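Chain residues, written in single-letter form:
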Amino acid sequence: MLLLATSSLFLPSPSKLHRYLNPSSSSSHLIPFSSSLSKIITPLHSHTPKLQPSPLFCSSSPSLQQQSLSFSQMQNDSLLYSRAYWVTESIIAWNIDIVENGFCSLLASKDASFTISDNQIQGEDVKIKLQEDRAGLPAKVVEKFPHIRGYKAFKLPPDSDVKSLLKSQLAVAVYDSDEKCRNCTGLQLPGVLDELFSYNGPLGAIYSDEAVSLSLWAPTAQAVNAHIYKYPSGDDSIEVVCLEEEDGVWRTKGPKSWEGCYYVYEVCVYHPSTLRVEKCYANDPYARGLSADGRRTFLINIDSDELKPDGWDNLADEKPVLHSFSDISIYEMHIRDFSANDLSVEPEFRGGYLAFTLLDSAGVLHLKKLSSAGITHVHLLPTFQFAGISDTNYLIDTLVLESFPPDSDQQQALITAIKDLDGFNWGYNPVLWGVPKGSYASNPNGPYRTTEFRKMVQALNHIGLRVVLDVVYNHLQGSGPFDEHSVLDKIVPGYYLRRNANGFIEHSTCMNNTASEHFMVERLIVDDLVHWAVNYKVDGFRFDLMGHIMKSTMVKAKDALLSLTKQNDGVDGSSIYIYGEGWDFGEVAKNGRGINASQFNLSQTGIGSFNDRIRDAVLGGSPFGHPLQQGFATGLLLQPNGHDHGTQKNMESMLATSKDHIQIGMAANLRDFMLTNSDGKEVKGSEILTHDGSPVAYASSPVETINYVSAHDNETLFDIVSLKTPMDITVADRCRINHLATSIIALSQGIPFFHAGDEILRSKSLDRDSYNSGDWFNRLDFTYNSNNWGVGLPPQEKNEKNWPLIKPRLADPSFRPQKDDILAAVENFLNLMRIRYSSPLFRLRTANAIQQRVRFLNTGPSWVRGVIAMSIEDGHEGFPGLPQLDPIYSSIVVVVNASPKGVSFVCPSLQSRSFELHPIQAMSSDDLVRSSTYEAPSGCFLVPQRTTAVFVEPRKN
């Protein structure tokens with residue numbers, strides 16, 4: 001398969017491959033291995049200018065690592081650390097003891113010239129004696145900074161010039177009675193900055209008929225200049241403008257001719273990571289446009305009519321109908337995956353925003369099928385400006401890759417060699433949150449990102465799909481004064497990023513955790529969400545690692561979005577849904593930095609969080625456990641795979657527990673939902689416990705639960721099924737298990753979430769983390785010819801320890817689904833969605849409605865193993881007092897049979913009823929599901945192996 005532009009593939013050793021693919025040829029012309037990389041990689045955006053060195057990457061002093069670390073030889077606490085906290089205008093907190101007759105002082109040096117010698121700090125401009133406050137820290141300080149509870153409070157004199165001091169290098173020191181320094185440390189400033197400089201006025205570039213104004217929040221900066229450029233790269237600035245400060249905000253006003261130009265801020269500021277006053281060059285945190293690779297901020301008036309597609313202002317009235325958040329179903333997709341390998345897409349549109357506007361492409365035709373069946377929202381993986389790939393778009397020619405065996409390690413070696421050059425990355429490494437990613441645009445410079453993103457949203461809305469953006473506010477790619485991807489930490493060093501007790505940046509999210517507990521961080525997050533909602537008319541937000549964000553921030557964000565109206569803002573904020581990953585770990589765990597947006601804390605907010613309990617119970621184990629650990633759908637007890645799951649009794653208990661977890665998940669994981677557990681006891685959902693003793697259920701409303709079994713993280717659904725099931729079952733059986741797992745999600749209360757490709761048996765060749773595995777391992781084929789199984793061993797970095805398990809599976813041709821299998825999977829998935837949307841009983845809107853109407857029938861210690869039976873009752877003669885919701889069906893019964901054998905399940909309470917197989921299943925091409933039956937005299941449901949059957953009771957006329 002030849003694509004427009006290619007990055008050539010290579011092995012570390014030239015003896016393995018002596019040829020490169022020529023990217024400029026219309027055929028697979030080969031050139032010598034010795035060719036330089038610059039000659040063999042051709043950009044898709046041929047008009048993108050060659051990037052020149054930018055002042056964005058320059059600095060005035062070497063990094064801390066290059067300096068002599070003489071401080072560390074002085075004493076345990078030194079200026080390398082920031083162990084004290086300036087928490088209010090008058091209070092500094094420090095966990096330190098003062099010797100008798102000793103004292104504590106605050107020192108400041110505007111030019112950062114502190115030195116330590118002979119137990120003295122030298123070089124200060126100001127030295128202020130502090131007074132210990134025996135009353136301790138005020139309650140409001142402890143509430144904001146719970147991790148410093150118990151620190152001592154030191155008070156400044158009331159006449160201290162605090163605002164001026166905050167622009168200097170700062171230290172606090174403890175002296176003994178001989179005035180010798182016994183301990184010293186730097187300070188963390190977010191508390192005092194929030195108290196003195198919290199600001200709600202304009203930030204970024206503001207446009208009027210006559211002028212362009214710039215505003216930057218930088219209260220610790222000593223000076224700020226704006227370098228104005230005519231072009232996106234190269235050339236000297238056409239103007240350098242000095243901004244003026246008022247209360248921490250730096251401003252300037254320029255001519256209207258600035259619009260369409262580019263700029264970079266030069267910020268002179270003390271940086272705690274280097275102990276120097278640095279000259280930092282950074283983009284505007286409120287940037288709405290960028291040059292390629294974020295070298296410069298683009299001055300774009302996003303309200304200009306010239307940037308709006310035809311009909312853009314009317315889009316709010318053309319959105320797909322959404323009556324309730326309970327009606328949502330989500331399909332998660334990566335922009336590049338969607339079209340990078342779609343030959344029905346024009347080459348210049350592949351992998352980008354405009355691919356969604358081609359109504360007859362294979363991908364868009366597939367999305368139309370999903371939409372017509374009931375899918376309501378497309379969740380797009382990160383679309384903001386992120387690091388890890390160039391904004392110049394590269395696509396690869398796969399001829400060489402296709403020549404290797406399905407279990408070869410050659411494909412992954414080739415892909416790994418170019419992984420940072422090939423244009424593919426999930427995008428969870430944010431640089432600037434408020435600008436669309438340049439690599440998905442036809443031109444990363446100028447206004448194209450904005451116009452093409454809008455066209456994508458409009459096109460998706462017009463085929464019946466609302467758009468969710470994946471937002472990553474919990475961390476940033478860059479930090480410090482030198483990192484090319486650092487922005488916020490160059491402008492107000494030490495403020496935007498959460499730091500530990502020693503003053504170093506927390507990295508529990510993998511990199512540079514942000515601190516939404518700080519006022520201006522929270523403001524930036526909320527402003528950014530409103531920007532995307534208003535200016536790009538997106539319909540929802542998925543929060544990456546939402547548990548690392550404060551609950552108060554999430555609630556403010558929800559309220560800000562809810563306040564948007566068509567009349568005032570051009571969008572209906574009441575229809576914008578937010579959800580995210582409520583994992584509770586790292587420094588924020590157990591509310592360590594304040595009440596965080598974890599699963600248990602979000603109850604009663606209406607904010608959704610992913611339900612990992614149902615995922616793990618259906619599939620078995622967890623993403624962090626042994627890959628062969630089986631679950632309810634993958635053969636636990638009923639079809640063992642040879643992995644040691646313990647004794648027979650232990651496996652029986654595990655299966656029963658998995659059933660309990662799935663059942664409460666199917667009831668929207670409601671904490672107060674009552675059901676009979678596997679021991680025969682009536683319990684609440686919150687009384688069912690996970691392996692570590694945590695409650696399974698945490699939600700108070702069905703819209704607070706996102707049920708799923710697969711997502712972009714970890715193996716695809718088909719891959720994990722192929723790992724966990726026995727080697728000797730057929731591919732047809734694996735396909736049925738894939739469908740059965742999906743059916744549990746599709747027919748549950750709460751909001752169902754599907755990974756793109758679940759419905760076409762998508763494989764990533766058993767890659768457990770394909771974030772940087774290139775187009776090759778992440779391919780989607782909407783022509784249904786291939787599911788991408790067996791394209792080589794997955795990349796070594798994340799998968800090597802499982803290669804012994806993976807290799808024999810990839811080598812076995814019987815594991816590979818055929819086109820008929822994929823077509824059957826598509827039909828089965830579409831039928832599931834049609835069934836979900838055939839009755840409002842599958843989408844109950846309140847916890848009370850679910851408690852009243854949903855029952856689980858196969859419960860207690862004598863349950864039929866491998867079977868879940870759920871009934872949903874509507875108002876009818878047998879259930880007086882229930883309001884009627886469904887005009888067609890009075891009752892529904894869902895029977896999930898995960899067993900490898902057919903089962904008969906008898907429910908005496910459902911004898912003599914009028915149940916019949918749902919008409920959609922009765923007309924299905926799936927012979928097994930069509931053979932499912934109900935026997936009225938006995939109340940017996942007969943369901944074939946690995947099948948989910950839906951029975952309905954039509955209303956009597």
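Residues numbered from 1 in each chain as written. Predicted model: local features only at pLDDT ≥ 70, side-chain atom pairs only at ≥ 80, totals over all residues. Heavy atoms only, no water.

A. Inspection of the overall build of the protein chain at higher detail. In terms of helices and strands, the protein chain carries 23 helices and 41 strands. Its C-alpha radius of gyration of 30 Å places the protein chain within 12% of the 30 Å reference for a compact globule of 957 residues. Dimensions of the protein chain along its principal axes, counting C-alpha atoms only, are 95 × 70 × 60 Å. Considering the protein chain as a whole, with its 957 residues, one finds that 64% of them fall into the buried category. Put simply, of all contacts in the protein chain between residues at least 6 apart along the chain, 73% involve residues at least 24 apart. When the accessible surface of the protein chain is totalled, it reaches about 34400 Å², and 49% of it is carbon and sulfur. (Helix = DSSP H or I, 4+ residues; strand = E, 2+ residues; numbered from the N terminus. Rg over C-alpha atoms; globule rule 2.2 N^0.38 Å. Buried < 20%, exposed > 50% of the residue type's maximum accessible area, 1.4 Å probe, protein only. Contact = heavy atoms within 4.5 Å. Areas by Shrake-Rupley, 256 points an atom, 1.4 Å probe, with all protein chains shown as cover.)

B. Fine view of the nonpolar core. Trp-86, Leu-106, Leu-166, Trp-217, Leu-367, Phe-541 and Phe-543 are the most contacted members of the largest nonpolar core, which totals 214 residues. The residues contacting Trp-217, other than those within four sequence positions of it, are Phe-197, Tyr-199, Leu-203, Gly-248, Val-249, Ile-491, Val-492, Tyr-495, Tyr-496 and Met-520. Counting residues in hydrophobic clusters, the runner-up holds 16 residues, among them Tyr-577, Trp-583, Ala-711 and Phe-753. (Core = buried A, V, L, I, M, F, W, Y, C linked by side-chain atoms within 4.5 Å.)

C. Just the sheet that holds strand E18 (residues 249-255), in detail. The antiparallel open sheet is built from 4 strands, whose spatial order is E13-E14-E18-E17. In this open sheet, the two edge strands, each paired with only one partner strand, are strand E13 (204-207) and strand E17 (244-246). Adjacent strand axes in the sheet meet at a mean angle of 30°, parallel and antiparallel pairs treated alike. Both E17 and E18 contribute to a ladder of 3 bridges, which runs antiparallel. (Pairing = 2+ DSSP bridges. Axes fitted to C-alpha atoms, helices over the stretch in contact; angles between N-to-C directions.)

D. Inspection of the side chain of Asp-470 at higher detail. With respect to the helices and strands, the residue Asp-470 is situated in strand E26 (residues 466-471). Given the relative accessible area of 1%, Asp-470 is considered buried. Within the structure, Asp-470 has its side chain in polar contact with the side chain of Arg-542 (distance 2.9 Å). In this view, Asp-470 contacts His-379, Leu-380, Leu-381, Pro-382, Phe-384, Tyr-428, Arg-542 and Asp-544; residues no more than four positions away in its chain are not counted. (Polar contact = N/O pair within 3.5 Å; in protein donor to acceptor, adjacent residues only side chain to side chain.)

E. Representation of the state of the cysteines within the structure. Inspection of the entire model under this criterion finds 0 disulfides. In this structure Cys-261 is not part of a disulfide, and its nearest cysteine sulfur, from Cys-242, lies 19 Å away. In this structure Cys-907 is a free cysteine whose sulfur lies 10 Å from that of Cys-940, the closest cysteine sulfur available. Residue Cys-907 is classed as buried on the basis of its relative accessible area, which comes to 5%. (Disulfide = S-S within 2.5 Å.)

F. Fine view of the pairing of strand E37 (residues 903-906). Only one face of E37 is buried: it carries Val-903 and Phe-905, and the other face, with Ser-904 and Val-906, is open. Sheet topology places E37 next to strand E40 (residues 940-943); 4 bridges connect them, and they run antiparallel. Within E40, the residue paired with Phe-905 across the bridge is Phe-941.

G. Structural view of helix H14 (residues 648-666). Here H14 spans 27 Å end to end across 19 residues, near enough to the 27 Å set by a 1.5 Å rise per residue. Remark: Ala-668 follows H14 within two positions and exhibits a positive phi of approximately 65°. (Expected span 1.5 Å × (residues − 1).)

H. Main features of the packing of helix H10 (residues 519-535) against helix H11 (residues 551-562). Running from amino to carboxyl end, H10 crosses H11 at an angle of 30°, the nearest separation of the two axes being 10 Å. Comparing the axis directions of H10 and H11 gives the class roughly parallel. Relative to H11, the crossing made by H10 is right-handed. Only Ser-552, Thr-553, Lys-556, Ala-557, Ala-560 and Leu-561 of H11 make contact with H10, whose side of the interface consists of Glu-522, Ile-525, Val-526, Leu-529, Val-530 and Ala-533. Split by residue class, the contact of H10 with H11 holds 8 nonpolar, 2 polar and 2 charged. (Parallel < 35°, antiparallel > 145°, perpendicular 65-115°, else oblique. Left-handed = near helix turned anticlockwise from the far one by under 90°. Nonpolar A, V, L, I, M, F, W, Y, C, P; charged D, E, K, R; others polar.)

I. Up close: the confidence of the model for the protein chain. Per-residue pLDDT for the protein chain averages 92, and the proportion of residues at 70 or more is 92%. Taken as a whole, residues 1-72 scores under 50 in pLDDT and shows 186 contacts with residues more than four places along the chain or in a different chain. (pLDDT = per-residue confidence, 0-100.)

J. A look at the UniProt feature "domain: Glycosyl hydrolase family 13 catalytic" (unreviewed entry) in the protein chain. Under the local residue numbering, the UniProt record ascribes the feature "domain: Glycosyl hydrolase family 13 catalytic" (unreviewed entry) to residues 398-783. Secondary structure over residues 398-783 splits into 30% helix and 10% strand, and the C-alpha atoms at its two ends are 18 Å apart. (UniProt positions renumbered as here; feature names shortened; annotations may be inferred.)

K. Focus on the packing of helix H6 (residues 362-373) against helix H20 (residues 819-836). It is the contact of H6 with H20, at a shortest axis distance of 8 Å, that shows an interaxial angle of 30°. Judged by the inter-axis angle, H6 sits roughly parallel to H20. In this structure, H6 uses Lys-369, Leu-370 and Ala-373 to contact H20, whose residues at the interface are Phe-829, Leu-830, Met-833 and Arg-834. Here the residues of the contact of H6 with H20 sort into 5 nonpolar, no polar and 2 charged.

L. How the structure looks around the packing of aromatic side chains. According to the stated counting rule, one finds 36 aromatic pairs in the structure shown. For the pair Trp-217 and Tyr-496, a centre-to-centre distance of 6.3 Å together with 90° between the ring planes defines the contact as edge-to-face. In this pair, Trp-217 sits in strand E14 (residues 211-217) while Tyr-496 sits in the loop between helix H9 (488-491) and H10, placing the two residues 279 residues apart along the sequence. The pair Trp-217 / Tyr-496 is uniform in exposure class, with both members buried. Summarising the aromatic geometry, the rings of Trp-532 and Tyr-536 are spaced 4.8 Å apart at their centres and angled 35° between planes, so their arrangement reads as tilted. (Phe/Tyr/Trp six-rings, centres within 6.5 Å; stacked < 30°, edge-to-face > 60°.)

M. Main features of the environment of Glu-89. Along the polypeptide, Glu-89 turns up in the loop between strand E3 (84-88) and strand E4 (91-94). The contact partners of Glu-89, leaving out residues within four places of it in the chain, are Leu-156, Val-162, Val-192, Glu-195 and Leu-196.

N. Quick peek at the sheet that holds E37. The strand order E37-E40-E39 describes an open sheet built from 3 strands, whose pairing is antiparallel. A strand with exactly one partner marks an edge of an open sheet, and here the two such strands are E37 and strand E39 (933-935). The mean angle between the axes of side-by-side strands here comes to 20°, regardless of whether they run parallel or antiparallel.

O. How the structure looks around the domain arrangement of the protein chain. Taken domain by domain, the protein chain holds domain 1 (72-193), domain 2 (197-307), domain 3 (325-655 + 705-824) and domain 4 (853-954). Here the C-alpha centre of domain 4 lies 63 Å away from the C-alpha centre of domain 2. (Domains from an automatic or database assignment.)

P. Spatial organisation of helix H7 (residues 410-417). Here H7 lies mainly inside the structure; 6 of its 8 residues are buried. Here H7 has its buried residues at Gln-410, Gln-411, Gln-412, Ala-413, Leu-414 and Ile-415. Lining the buried residues of H7 we find helix H17 (774-777), helix H18 (796-799) and helix H19 (803-811).

Q. Layout of the pairing of E4. Side chains Ile-91 and Ala-93 of E4 all project onto a buried face; the interleaved residues Ile-92 and Trp-94 project onto the opposite face, where all are buried too. Pairing analysis gives 4 bridges linking E3 to E4, with the strands arranged antiparallel. Bridged to Ala-84 within E4 is Trp-94. Count of turn residues in the E3/E4 antiparallel hairpin: 2 residues. Pairing of E4 with strand E9 (residues 152-155), which is carried by 4 bridges, proceeds in the antiparallel orientation. Residue Trp-94 lies in a different strand from E9, and its bridge partner there is Lys-152.

R. Fine view of the pattern of salt bridges. What the rule picks out here adds up to 44 salt bridges. Residues Arg-853 and Asp-874 are paired through a salt bridge, measuring 2.8 Å at the closest nitrogen-oxygen approach. One end of the pair, Arg-853, is in helix H21 (residues 847-853); the other, Asp-874, is in the loop between strand E35 (867-873) and strand E36 (889-897), with 21 residues separating them in the sequence. (Salt bridge = Lys/Arg side-chain N within 4 Å of Asp/Glu carboxyl O.)

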